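# Examination of the molecular architecture
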Amino acid sequence: MINEDFEDLNFNKKYDYFKSLLSNNNKALSLINNLENIILGHQPFDYDEVVQQCEQLIRIVYEITEDVNAVSRGKFEDLFTVAERIGITIFRKLMSKKRIDKTNWTISLANLSHENVSQVGNKAANLAEISNRANLPTPRGFSVTAYACHYFYKESGLYELIRGEMQGLDVKDAATLESTCVRVQKMITDAPLPMGVYNSIQNELKAITGVFGEDIRLAIRSSATGEDSQNATFAGQHTSILNVKPVDIIRAYKDVIASTFTPRAVFYRKRKGYRDMDVLMAVLCLMMIDARSSGCLYTINPNDPTNDDIFINANWGLGVSVVDGSMPTDYWQISRKGKQIVVEDIPVKKEMQVMNGAYDLSRVPVPVDRQNRPCLTSAEIKRLTEYGLKLETHFRHPLDVEWAVGHDGEVFVLQARSLKRAIHEMDQGDATSDDSDVQAHDILLREGMTAAPGTASGPVYILGAEIRLSEVPDGCILVTQQTSPDYVPAMSKIRGIITDVGSVTGHMASVAREFGIPTIVGTGSGTTTVVANQIITMDASRTTVYKGRIESLLNKKPPVNTMQGSPVYTLVRQTLKKIIPLHLVDPAADNFSPGGCRTLHDIVRFSHEMAMREMFRMGEEVKDQKDKYVAVKLKTHLPLNIYMLDLGGGVKVECGNESITANEISSIPFKALIRGMSHKDIRWSGASISADAGVTAPGSHMNDNSDSGEVTAKNDHTGRGPYYAIVSDEYVNFSVKLGDNFIMIDSFCSKQVNDNYIKLSFKGGAADVCRRERRAALVEGVLRKRGFKVEKKVDMLVAEMKKYDMQRTEENLDIIGRLLGSVHFLDVVLADDGQLTWYVDEFLRGNYVFKSN
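Residues numbered from 1 in each chain as written. Predicted model: local features only at pLDDT ≥ 70, side-chain atom pairs only at ≥ 80, totals over all residues. Heavy atoms only, no water.

On the surface, a cluster of positive charge is made up of Arg 85, Lys 93, Arg 573, Lys 577, Lys 578 and Arg 598. Tracing the chain through its elements places Arg 85 in helix α3 (residues 78-94). Look at Arg 85 and you get partly exposed, because its relative accessible area is 46%. (Patch = residues over 30% accessible without salt bridge, like charges linked within 9 Å, V, L, I, M, F, W, Y side chains within 5 Å. Areas by Shrake-Rupley, 256 points an atom, 1.4 Å probe, with all protein chains shown as cover. Salt bridge = Lys/Arg side-chain N within 4 Å of Asp/Glu carboxyl O. Lys, Arg positive; Asp, Glu negative; His and termini not counted. Charge placed at Lys NZ, Arg CZ, Asp CG, Glu CD. Helix = DSSP H or I, 4+ residues; strand = E, 2+ residues; numbered from the N terminus. Buried < 20%, exposed > 50% of the residue type's maximum accessible area, 1.4 Å probe, protein only.)

With that settled, the discussion passes to the sheet that holds strand β2 (residues 141-144). Sheets are built from strands that pair by backbone hydrogen bonding, the pairs being arranged parallel or antiparallel. Strand order in this open sheet of five strands is β1-β2-β5-β3-β4, and the pairing throughout is antiparallel. Lying at the two open borders of the sheet, with one neighbouring strand each, are β1 (106-108) and β4 (241-244). Here the strands of the sheet are splayed against their neighbours by 20° on average, with no regard to which way each runs. Relative to strand β5 (residues 283-287), β2 runs antiparallel, the two sharing four bridges. (Pairing = 2+ DSSP bridges. Axes fitted to C-alpha atoms, helices over the stretch in contact; angles between N-to-C directions.)

Attention now moves to helix α2 (residues 47-72). With 26 residues, α2 ought to run about 38 Å at 1.5 Å a step, and its terminal C-alpha atoms sit 37 Å apart, in line with that. One side-chain oxygen at the N-terminal end of α2 lies 3.1 Å from the backbone nitrogen of Asp 48; it belongs to Asp 46. (Expected span 1.5 Å × (residues − 1). Polar contact = N/O pair within 3.5 Å; in protein donor to acceptor, adjacent residues only side chain to side chain.)

Here we come to the pattern of salt bridges. Within this structure, the stated rule accounts for 29 salt bridges. For Arg 786, the salt bridge goes to Glu 811, with nearest N and O atoms at 4.0 Å. Taken together, the residues Arg 786 in the loop between α21 (769-785) and β32 (789-793) and Glu 811 in helix α22 (residues 806-823) connect sequence positions 25 residues apart. Connected via shared salt-bridge partners are Arg 221, Asp 400, Glu 402 and Arg 417.

Put simply, helix α7 (residues 174-190) and helix α10 (residues 263-272) touch, their axes get as near as 9 Å, and they point 115° apart. When the axis of α7 is compared with that of α10, the two are roughly perpendicular. In this structure, the crossing between α7 and α10 has a hand that is right-handed. Counted together, Leu 177, Glu 178 and Cys 181 of α7 and Pro 263, Val 266 and Phe 267 of α10 form the full contact between these two elements. Classifying every residue of the contact of α7 with α10 by side-chain character gives five nonpolar, no polar and one charged. (Parallel < 35°, antiparallel > 145°, perpendicular 65-115°, else oblique. Left-handed = near helix turned anticlockwise from the far one by under 90°. Contact = heavy atoms within 4.5 Å. Nonpolar A, V, L, I, M, F, W, Y, C, P; charged D, E, K, R; others polar.)

What follows concerns the sheet that holds strand β13 (residues 411-418). Taken in spatial order, the six strands line up as β9-β8-β7-β6-β12-β13 in an open sheet, and their pairing is antiparallel. A single partner strand is all that each edge strand has here, and the edge strands are β9 (341-345) and β13. Taken over all neighbouring pairs, the strand axes of this sheet differ in orientation by 15° on average, direction set aside. Across four bridges, the pairing between strand β8 (residues 330-334) and β9 is antiparallel.

For the coordinates displayed, the defined rule picks out 14 aromatic pairs. With 6.3 Å between their ring centres and 35° between their planes, Phe 45 and Tyr 569 make a pair best called tilted. One end of the pair, Phe 45, is in the loop between α1 (4-40) and α2; the other, Tyr 569, is in helix α17 (residues 567-575), and 524 residues separate them in sequence. Neither Phe 45 nor Tyr 569 differs from the other in exposure class; each is buried. Measuring from centroid to centroid gives 4.9 Å for Trp 838 and Tyr 839, while their planes differ by 90°, and the two rings are edge-to-face. In this structure Tyr 839 comes out as buried when scored by relative accessible area, which is 2%. Geometry around Phe 261 places Arg 269 over its ring, the cationic atom sitting 5.1 Å from the centre. Here the basic side chain of Arg 370 rests over the ring of Trp 316, its NZ or CZ set 4.1 Å away from the ring centre. (Phe/Tyr/Trp six-rings, centres within 6.5 Å; stacked < 30°, edge-to-face > 60°. Lys NZ or Arg CZ within 6 Å of the ring centre and 35° of its normal.)

It is worth spelling out the confidence of the model for the protein at this point. Mean pLDDT for the protein: 84, with 86% of residues reaching 70 or above. Here strand β25 (residues 687-690) stands out as the least confident element of the protein, with mean pLDDT 36; β2 is the most confident, with 97. Every residue in residues 425-432 is under pLDDT 50, and counting partners more than four places away or in other chains gives 16 contacts. Every residue in residues 622-626 is under pLDDT 50, and counting partners more than four places away or in other chains gives five contacts. (pLDDT = per-residue confidence, 0-100.)

Encoded structure:
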């Protein structure tokens, strides 16, 4: 004979495991929803945060697997194997590392081509293509490979040290980002270089100095894997060391590697979707060109999809002043067809950058007789145009080309990277702006050039000579004297950029276009015209700045996720295929089994369904105590197949009864819920909705009841089930699928105010995401007005109220019952956000069929 106390203990443990499963089920679904929103959202996401959420979800799913086996006494032990297999697959995907090809430490440019891009990076591979296949003049040099960097990190223990510093770093915290990067860069520059790498660099250097002598100067340039790609230019994010003596090449090499961890590079990498391990620094070592003139060339207009003119920006001396936007530059716009100059702007150029001493550059005055002269001759402009078009044909896409002209007039190509146009959508101001609204605002500036198109509004923040990015406020328009890649860590906070000087071909302009930040450069007087904290509206596409905020000019389009197409975005999207999709949708299907679980979501769904079934079977397990534990069917007019499992005091029923009526429910919270669902004005035969909506969901058959002013959907499959209610005298846990929507209600309702709560989770399905989201917003609106705290993400919401007295708790459960009956199929007509307020107000007035007046 089984001991009665043991039976009670066994049942209580089983119920505890079930409660644990329900709690973990909610946590798992919330995490799954968060991960889905991350990948579908418009904002960049943090890879480490995704990893943490996936780790947490896997742990919770393992606990769910344990819980369902505890509830079922080990019926689903093979679920452990399935969960472990899926979990390991997810970890392996998330932690996968980019394969590093074992190569020589160094490779001469003469022996490289674009096929070596994974070994030496795009910058070096492209330059080799230009020299070896396009046959255009470039400086002589060699590449120190990405494998050399990997070997350096590995042999010196830098991988572990860097990982420890970067783990959990919030790149939006400018001060912490700065201090962390300083530490990491010092680790790299202090680490000893492996002797094999050192000797290989020295051998390549001797091959050059043996021909050109020891007095040459070198440009040691970054060529990181991923840099200068079509998805991410990394323009200006890594360091190039110019004017380097041969004796200083190792120092410069390590400084360039360390620039992988400048604040701007780390921020850029995270926001563009690159892990630290995705970027290895190959380094390009070139002979310096002592340039008479230098600059950049764009083979298209990056801001105008209708304009294929060629842009050239140039200055005397070295091209640093052009790419960093620190000095005025000459500007030419050349027609593609006729090769004629269509725009020319020659400002006064008082300073230039030149080589001076070693390991440094100097700003020196431009000779007075050259300050007002163009720094390129017409023949040089023609040759540059020809070079640009030839390279565009060779690479088969538009290019951003850096070049230099020697004192003997020879033109050298220094770099070529892909050039993408800014995402161009017609500004709403183009089509819908109110001219009178615009004219009512004073124009503060109408100068400069469009570096990145678009409109923005916010308070002015004028950045002084001392750059303190941690002080830049959220939502501001950054106004500064010059462009600089150092501003990148503030990109998440600023809405627009205005500069006094700078060029459309500079590094900052490239990054601004990538991040979708409207930017006007070269205004001449931006910092002295606008006032700090003044609210302005900038139209970068028209190079105009207005006083005040002009709503009709501002774009309403969602922000662009700058991570799309990146290694991290692709990796996470692939990994989430093992997490988010739900394949087990029909409990009656043959694949509804542990073997049919292909994702973590499947395991959660399967475990929840099996646990509910096992709890239903509890009635049989305690048949000797039927007076205490009863599992019965609820008979109501509702089209729902509901079974109740009584944990004690939840029903009034004679022993042996297999069904009860609503009047025999003694569970306080469940009785209130059923009372609301059974309200006389709720139409369960079809979702009753206002004919004014005038929208019919695809596949729905709508009956027009002209006398009542209602429209009824007839494709409602609410009656499927069974659905289970776990009840006691003061408790209910009820899960149900209404239409294609999943609802769980958990409530305790008693005379003890501090114990009372209602928690509701609601997840939409079937309809398009916009309609599902509107219906969730409707539920949210009603619940908020009833005093609930609501967290909503797209079409999923969790609502909660605590510590209300018993009467108010019952009233809210009654309202929830009415709400579920009223809106369970309403998404078929919620075609307009503007309808939501009307539906919320009408429901709260008692118009549960949303009958129009």
